[in-house]
Amino acid sequence: MQMDKATYKKYVGENAKKSNLLVNITKAFLIGGLICCIGEALIDLYIHIGMSLETARTLESVTLIFIAALLTGLGYFDSIAKHAGAGTLVPITGFANAVVAPAIDSKSEGFIMGVGAKMFVIAGPVIVYGTIASIIYGIVYYFIK
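From a predicted model like this one, the values you see are computed outputs, not experimental measurements.

Here we come to the state of the cysteines. Counted according to the given criterion, the structure contains 0 disulfides. Free cysteine: Cys37, not disulfide-bonded; nearest cysteine sulfur from Cys36 at 7.2 Å. The exposure class of Cys37 is exposed, given its relative accessible area of 52%.

Below is the structure:
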């Protein structure tokens, strides 16, 4: 049986789980903020052990990407994201998850046609449009400056 758009919209409205917007926003803010605080703590740790600020910032990003990829691989990231919502998507951890999750899901198809081909299914458009936006911004900045 095929539904028209109005019937489907009504069906979804009646059956979709209602979300508490205030609770969701609060969770996203707190968990996203916690991830950012962990990042700042990593920068402080790397500076404390003798790294320059620039190196510490780079290592912080790499560490957060590694942790997010590891948690995705172990199956914990989705559990965290279920409660945090956008709190895990906005920082760099969400990007790491967007690369690793499709790769894991398609590993049975092989390394080339599975992992290699599907790794950037979600993150690919972000990379492309981010790169294009940065080029446009750079050109505008060049002519303004």
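Direction vectors running N to C along helix 2 (residues 21-48) and helix 3 (residues 53-74) enclose 135 degrees, while the axes themselves pass 8 Å from each other. Overall, the two elements helix 2 and helix 3 adopt an arrangement that is oblique. The crossing of helix 2 and helix 3 is right-handed. Together, Ile35, Ile38, Gly39, Leu42, Ile43, Tyr46 and Ile47 of helix 2 and Leu53, Ala56, Arg57, Leu59, Glu60, Thr63 and Leu64 of helix 3 make up the contact between the two elements. Class assignment of the residues belonging to the contact of helix 2 with helix 3 gives a composition of 10 nonpolar, 2 polar and 2 charged.

For the rest of this paragraph, the subject is the packing of aromatic side chains. For the structure shown, the criterion picks out 2 aromatic pairs. Relative to Tyr141, the ring of Tyr137 lies with its centre 6.2 Å away and its plane at 15 degrees, an arrangement referred to as stacked. In this pair, Tyr137 and Tyr141 are both assigned in helix 8 (residues 123-144), 4 residues apart and thus about one turn of the helix distant. Ring plane angle 80 degrees and centroid distance 5.3 Å describe the contact between Tyr142 and Phe143, whose orientation is recorded as edge-to-face. Taken individually, Tyr142 and Phe143 each receive the classification exposed, so the pair is uniform in this respect.

Turning next to a nonpolar patch on the surface. Together, Ile65, Ile92, Phe95, Phe120, Val126 and Ile127 line one region of the surface with nonpolar side chains, adding up to about 460 Å² of accessible area. The set of elements that each furnish at least two residues to the nonpolar patch consists of helix 6 (92-105) and helix 8. Relative to the helices and strands, Phe120 resides in the loop between helix 7 (111-118) and helix 8.

Let's shift gears to the environment of Phe95. Note on placement: Phe95 falls in helix 6. In this structure, the C-alpha to C-alpha distance between Phe95 and Ala84, residues 11 residues apart in sequence, is 15 Å. The contact partners of Phe95, leaving out residues within four places of it in the chain, are Ala123, Val126 and Ile127.

Conventions adopted
- Residues numbered from 1 in each chain as written.
- Predicted model: local features only at pLDDT ≥ 70, side-chain atom pairs only at ≥ 80, totals over all residues.
- Heavy atoms only, no water.
- Disulfide = S-S within 2.5 Å.
- Buried < 20%, exposed > 50% of the residue type's maximum accessible area, 1.4 Å probe, protein only.
- Axes fitted to C-alpha atoms, helices over the stretch in contact; angles between N-to-C directions.
- Helix = DSSP H or I, 4+ residues; strand = E, 2+ residues; numbered from the N terminus.
- Parallel < 35°, antiparallel > 145°, perpendicular 65-115°, else oblique.
- Left-handed = near helix turned anticlockwise from the far one by under 90°.
- Contact = heavy atoms within 4.5 Å.
- Nonpolar A, V, L, I, M, F, W, Y, C, P; charged D, E, K, R; others polar.
- Phe/Tyr/Trp six-rings, centres within 6.5 Å; stacked < 30°, edge-to-face > 60°.
- Patch = residues over 30% accessible without salt bridge, like charges linked within 9 Å, V, L, I, M, F, W, Y side chains within 5 Å.
- Areas by Shrake-Rupley, 256 points an atom, 1.4 Å probe, with all protein chains shown as cover.
- Salt bridge = Lys/Arg side-chain N within 4 Å of Asp/Glu carboxyl O.

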